[in-house]
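Topology and contacts: notes
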Amino acid sequence: MPELPEVETIRKSLLELVKGEIITKVDVYWPKIIKRPADLLQFKESLQNEKITDIKRKGKFLIFELDHYSLVSHLRMEGKYGVYPAETEKDKHTHVIFHFESGHTLRYHDVRKFGTMHLFPKGEASYAMPLIQLGPDPFEVNYSLSTIYPKIKKSSRAIKNILLDQTVISGLGNIYVDETLFRSSIHPLRKGRTLTEEEVMVILQEAQATLAEAVEQGGTTIRSYVNSHGDIGMFQQELFVYGQTGSPCKKCGSEIEKFKLSNRGTHICPSCQRIS
Ligand SMILES: [Zn+2]
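My aim in this report is to walk through the structure given alongside it, one point at a time. (Residues numbered from 1 in each chain as written. Predicted model: local features only at pLDDT ≥ 70, side-chain atom pairs only at ≥ 80, totals over all residues. Heavy atoms only, no water.)

Right, let's get into the overall build of the protein chain. Of the regular secondary structure elements, the protein chain holds six helices and 11 strands. Its C-alpha radius of gyration of 20 Å places the protein chain within 12% of the 19 Å reference for a compact globule of 276 residues. Dimensions of the protein chain, computed from the C-alpha atoms along their principal axes, are close to 60 × 35 × 30 Å. The 276 residues of the protein chain split such that 51% are buried. Long-range pairs, those at least 24 residues apart, make up 64% of the contacts in the protein chain with a sequence separation of at least 6. (Helix = DSSP H or I, 4+ residues; strand = E, 2+ residues; numbered from the N terminus. Rg over C-alpha atoms; globule rule 2.2 N^0.38 Å. Buried < 20%, exposed > 50% of the residue type's maximum accessible area, 1.4 Å probe, protein only. Contact = heavy atoms within 4.5 Å.)

Here it is in structure tokens:
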């Protein structure tokens, strides 16, 4: 599943590839991906003659800004975008094709078909599902102790689950929550209400730093992943705990352990992250 840094890397790369393109036609081969409007014909007609002016991001959502509309896209498990010449044969996992005046096409490919697209008249996307439910993104101005600490303080859930809750902070997934908690020396099972303001401040800073480093790394790695077909691949930064089970902790040398929390693989250093 792409995490925020991958989505940000995809956003930047896609923007270079499609900014200024004018949509002439949209083909939809798997209508369930289009969640709004309910009428598929309306979706296709609305996009005709629209120019892609920008691509934004909130959490793990990509937002294609058009002349009169915003298209909110979530890749979910395995969604991918690629830019191809119009004559390229359609692959069986390609579910949406945006045809451009230039002769290029933007294709949405999704083996699992879990991805979603919502189209809104310009200015309305932030005030409706799915974006309205999202908490602040670590790169937004309202990402602060005063907006987030009260939500953590009143919760008796494990801090890891709170951080994964997109209504508290948007954009943190399993990998970066494990990394953030390690870097903050906080055990994932600590309950929200037991955390001090200082501890939450450290968590917020480490979450932002972890993501910023990953975005920076993705920005340099991504070029080698944009192949001749315009496919945009994923990268993997060096991680402290995620996927490091059995390896020595980079801070103290103890063995990194893995356990299940709410059915998710959770990675910790038992010495650096103590429960009490
Ligand atoms: Zn350690």
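Following the structure, the description resumes.
It is worth spelling out the packing of aromatic side chains at this point. Following the criterion strictly, the structure yields three aromatic pairs and no others. Look at F64 and Y81: their rings are 5.4 Å apart centre to centre, the planes differ by 65°, and that puts the pair in the edge-to-face class. Within this pair, whereas F64 is found in strand β4 (residues 61–66), its partner Y81 is found in strand β6 (residues 79–85), the two being separated by 17 residues in sequence. The class of Y81 is buried, set by a relative accessible area of 4%. In this arrangement the basic side chain of K113 is found over the ring face of W30, its NZ or CZ atom lying 3.7 Å from the centre. (Phe/Tyr/Trp six-rings, centres within 6.5 Å; stacked < 30°, edge-to-face > 60°. Lys NZ or Arg CZ within 6 Å of the ring centre and 35° of its normal.)

Moving on to the coordination of the zinc ion. The zinc ion binds to the protein through C249 (SG), C252 (SG), C269 (SG) and C272 (SG), with metal-donor distances spanning 2.2 to 2.4 Å. For the zinc ion, the four donor atoms in the first shell make angles of 101 to 115° at the metal, so the coordination geometry reads as tetrahedral. Taken in sequence order, the residues that donate to the zinc ion follow the motif C-x2-C-x16-C-x2-C. Remark: C272 occurs in the segment after β11 (264–268) and C249 occurs in the loop between α6 (197–221) and β10 (257–261); sequence separation between them is 23 residues. Assessed through its relative accessible area of 5%, C249 is described here as buried. (Donors = N, O, S within 2.8 Å, 3.2 Å for Na, K, Ca; no water. Tetrahedral: all angles 85-135°; square planar, octahedral: opposite > 155°, others 65-115°.)

Another point: the pattern of salt bridges. A full pass over the atoms with the stated rule returns 13 salt bridges. The partner of K122 in a salt bridge is E65, with the nearest N and O atoms 2.8 Å apart. Here the residue K122 occupies a position in the loop between β9 (116–121) and α3 (145–153), and E65 occupies one in strand β4, the gap between them amounting to 57 residues. (Salt bridge = Lys/Arg side-chain N within 4 Å of Asp/Glu carboxyl O.)

Note that R57 resides in strand β3 (residues 52–58). Between the alpha carbons of R57 and D67 there is a distance of 17 Å; along the sequence they are 10 residues apart. If near-sequence neighbours (up to four positions away) are discounted, R57 is found in contact with L4, V7, E8, R11, I63, D137 and F139. At 2.8 Å, the side chain of R57 forms a polar contact with the side chain of E8. A polar side-chain atom of R57 sits 2.9 Å from the main-chain carbonyl oxygen of G59. (Polar contact = N/O pair within 3.5 Å; in protein donor to acceptor, adjacent residues only side chain to side chain.)

A few words on unusual backbone geometry. For the bond from R36 to P37, the omega torsion is -5°, close enough to zero to count as cis. Here P37 lies in the loop between β2 (34–36) and α2 (40–47). A cis geometry characterises the amide bond from M129 onward to P130, with omega recorded as 5°. In this fold, P130 is placed in the loop between β9 and α3. Despite not being glycine, N49 has its phi angle at roughly 70°, a positive value. Mapped onto the elements, N49 comes out in the loop between α2 and β3. Of note in the backbone geometry, N263 takes a positive phi value of approximately 70° without being a glycine. Its place among the elements puts N263 in the loop between β10 and β11.

Time to look at α2. Inspection of α2 places F43, S46 and L47 among the buried residues, and these make up the whole buried set. Axial view of α2: buried residues confined to an arc of 95°, hence all on one face. Within α2, the exposed residues directed more than 90 degrees away from the buried face are L41 and E45. Tucked into the core, α2 has its buried residues touching β1 (23–28), β2, β4, β5 (69–74), β7 (94–100) and β9. Two to three positions downstream of the cap, the backbone nitrogen of L41 sits 3.0 Å from a side-chain oxygen, assigning the N-cap of α2 to D39. Following α2 by one or two positions, N49 adopts a phi angle in the positive range, close to 70°. (Arc of directions from axis to C-beta.)

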